[in-house]
Amino acid sequence: MAAQAHYAALMSMLTPPGMGGKYRITGDKYPRMRPPRRRGRLVVVVVACGAVLGVAGWGTLQLIDVFTGGGGTASAAGSKDACSTKASPAGTAATKPPTALPKPAQITVNVFNATTRSGLAKTTADELKRRGFKIGEVGNASKQYDKKVTGTGVLLGPASSLNTALPVLATQLTTAERRTDAARTGPTVDLILGNGFKSLTSQAEATKALTALTAPQPTPTTKKGC
C-alpha cells in the first residue's frame, strides 16, 4: 500500500502546473491532449465556398446571355416580329399619286420631230392615237429643240402638267426627259423626238407602267439581316 501511494505521488509530480482534474496524471490514467475543435473556421470556409460558387454561376449566366443574345423566348418572339414581312401603310401612302391622274383620252399630245429622219413625228403620233391619246399638232420641232435633243425625247408641258399629264405620257416613252415651261398655258403637252429615239415603249410595258402609276400596290418590306 505504501508503494502504491508513493507511486501515485510520483505520478502527480509529472502533471503540468495549473492542470488538474481529468488532465491529472495518476499513473493508471493518462490524459489525452487534443486541440479544441475549430467549428467556427469550418463554418467560415463553407460560407466562402458557397459565395464563390454563386458568383461563378452568375458569371456563367451572363456569358451565356452575351453569346446567345439573351432574352430567351421573348427575344425569339421579338426577332420573329422584327423579321416578319408586311406592307407598310406609310409606304402605300407615299406611292399614291399626289393628284388624280388623267386618262390618255383626256390628254392632247403635240408630236414634234427634232431629228433629220423624215416622217418620224407622223408614225409616232399614229401609234399614240392607237393607244388612246388625243393628237394635236404634228410636225418638225422649233429651233429651240431642232437637232438639239440627243436623248430619246423631251416631254414638255405647263407647270400644272408635271404631276398630271406628263407622268401618264411618260409611260409611253419611259426614257424621255420631262420639262415644264412656267410661261406656257393650256392643257396640251409636247412630245419632242430626239436623235436617240427608235420607238415608243412597247404597248405591253406601257400598259403595265400606266396601271402601276394609277393604282400602285404596297410593297412588302423585310428588314435587312433576317
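Residues numbered from 1 in each chain as written. Predicted model: local features only at pLDDT ≥ 70, side-chain atom pairs only at ≥ 80, totals over all residues. Heavy atoms only, no water.

1. A short note on the nonpolar core
Ranked by size, the top nonpolar core spans 23 residues in total, and within it V109, L128, L169 and L191 carry the most contacts. Residue assignment for this core shows that the elements contributing at least two residues are β2 (108-113), α5 (120-130), α6 (165-170) and β6 (189-193). Per element, the largest residue contribution to this core is 5 residues, and it comes from α6. Counting residues in each nonpolar core, the second largest holds 8 residues, with F112, V149, V154 and I192 among its members. (Core = buried A, V, L, I, M, F, W, Y, C linked by side-chain atoms within 4.5 Å. Buried < 20%, exposed > 50% of the residue type's maximum accessible area, 1.4 Å probe, protein only. Helix = DSSP H or I, 4+ residues; strand = E, 2+ residues; numbered from the N terminus.)

2. Brief notes about the sheet that holds strand β5 (residues 177-181)
Within a sheet, adjacent strands bond to each other through the backbone by hydrogen bonds, running parallel or antiparallel. Spatial ordering of the open sheet is given by β3-β2-β6-β4-β5, a layout of 5 strands whose pairing is mixed. The open sheet has two edge strands, β3 (134-140) and β5, and neither has a second partner. Across this sheet, the average inter-strand angle for adjacent strands is 20°, counted without regard to direction. Inspection of the sheet shows strand β4 (residues 153-158) paired to β6 by 4 bridges, in the antiparallel sense. When the sheet's bridge partners are listed, L155 is paired in β6 with L191. (Pairing = 2+ DSSP bridges. Axes fitted to C-alpha atoms, helices over the stretch in contact; angles between N-to-C directions.)

3. A look at α5
Of all the residues in α5, the buried ones are L120, A121, T124, A125, E127 and L128. Projected down its long axis, α5 carries its buried residues within an arc of 160°, all on one side. Opposite the buried face of α5, by more than 90 degrees, sit the exposed residues K122, K129 and R130. The inward-facing, buried residues of α5 contact β2, β3, α6, β6 and α7 (203-214). (Arc of directions from axis to C-beta. Contact = heavy atoms within 4.5 Å.)

Geometric values such as these leave the question of function open.
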